[in-house]
Amino acid sequence: MVGKIPDDKVNLRFIMVSGKTAEFLFTPNDTAADIVRKIYNNWPENWNDDTLKDSETLRLIYQGRFLHTNISISALQLPLGRTTVMHLVARERLPEPSSNDSLRKPKNSESRCCPSRCCTLL
């Protein structure tokens, strides 16, 4: 656990699938690739049963989404001087971005059950 968090840094608390946690400090310019590299190079002792062959298999999950390697802490708008929780998993590849737009119906007047008719039941 980190003591006082500097105002120019973000404290990230990582939770493994096993439930083990660890915290690290990062700057706003650090990317997801920088983050996983730092975690891998400073692997917590209590995570030894979860060792990996390289940092390339570590993936970050924030707010239910996998983070791609080039996204920065500042792009995520994480609050400086505070702790943010992320999940950390070992996974070879990220899932492809999905396009659910075709599954969603457009929101317009035609999507209502009764487009332009109103009725009152007594």
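1. Notes on the layout of surface pockets
As a volume, the second largest pocket reaches approximately 170 Å³. Together, Ala32, Ala33, Val36, Arg37, Ser55, Glu56, Leu58, Arg59, Leu60, Leu67, His68 and Thr69 line the second largest pocket. Residue assignment for the lining of the second largest pocket shows that the elements contributing at least two residues are α1 (32-41) and β3 (58-62). Considering every element that reaches the lining of the second largest pocket, the biggest residue donor is α1, with 4 residues.

2. Let's talk about the packing of aromatic side chains
Applying the stated criterion across every chain, the model contains 4 aromatic pairs. An angle of 75° between the planes, with centres 5.1 Å apart, marks the rings of Trp43 and Trp47 as edge-to-face. Like Trp43, the residue Trp47 is buried in the burial classification. Members of the aromatic cluster, each reached through a chain of ring pairs, are Phe14, Phe24 and Phe26. Cation over ring: Lys38 sits above Phe26, and NZ or CZ is 5.0 Å from the ring centre.

3. Some points on the nonpolar core
By size, the foremost hydrophobic cluster in this structure holds 22 residues, and its most contacted members are Leu12, Phe14, Ile39, Leu60 and Met86. Looking at this core, the elements with two or more residues in it are β1 (10-16), β2 (21-26), α1, β3 and β5 (83-90). Not counting chain neighbours up to four residues away, the residues in contact with Leu12 comprise Ala22, Glu23, Phe24, Phe26, Ile35, Ile73, Leu78, Thr84 and Met86.

4. As for the pairing of β3
Both faces of the sheet carry side chains from a regular strand, because those side chains alternate between them. Summarising burial for β3: 5 of the 5 residues are buried, a large majority. As defined by bridge partners, β3 adjoins β5 across 4 bridges and the pair is classed as antiparallel. Looking across to β5, one finds that Arg59 is bridged to Val89. Bridge count between β3 and strand β4 (residues 65-66): 2 bridges; the pairing is antiparallel. Paired with Ile61 across the two strands is Phe66, which belongs to β4. Counted along the chain from β3 to the antiparallel partner β4, the turn is 2 residues long, and its residue Gln63 has a positive phi close to 50°.

5. Side note on the side chain of Ser55
Looking at where Ser55 falls in the secondary structure, it is placed in the loop between α1 and β3. Since its relative accessible area comes to 14%, Ser55 is described here as buried. Not counting the four nearest positions on each side in its chain, Ser55 is found in contact with Val36, Arg37 and Tyr40.

6. Examining the confidence of the model for the protein chain
Overall, the predicted model of the protein chain reaches an average pLDDT of 80, with 71% of residues at or above 70. Here residues 101-122 scores under 50 on pLDDT; set against residues more than four positions off or in separate chains, the count is 3 contacts.

Cut-offs applied
- Residues numbered from 1 in each chain as written.
- Predicted model: local features only at pLDDT ≥ 70, side-chain atom pairs only at ≥ 80, totals over all residues.
- Heavy atoms only, no water.
- 1 Å grid on protein atoms, 1.4 Å probe; cavity = no way out; pocket = protein on both sides within 12 Å on 5 of 7 lines; lining within 4 Å.
- Points joined across faces, edges and corners; volume = space filled by probe spheres on them.
- Helix = DSSP H or I, 4+ residues; strand = E, 2+ residues; numbered from the N terminus.
- Phe/Tyr/Trp six-rings, centres within 6.5 Å; stacked < 30°, edge-to-face > 60°.
- Buried < 20%, exposed > 50% of the residue type's maximum accessible area, 1.4 Å probe, protein only.
- Lys NZ or Arg CZ within 6 Å of the ring centre and 35° of its normal.
- Core = buried A, V, L, I, M, F, W, Y, C linked by side-chain atoms within 4.5 Å.
- Contact = heavy atoms within 4.5 Å.
- Pairing = 2+ DSSP bridges.
- pLDDT = per-residue confidence, 0-100.

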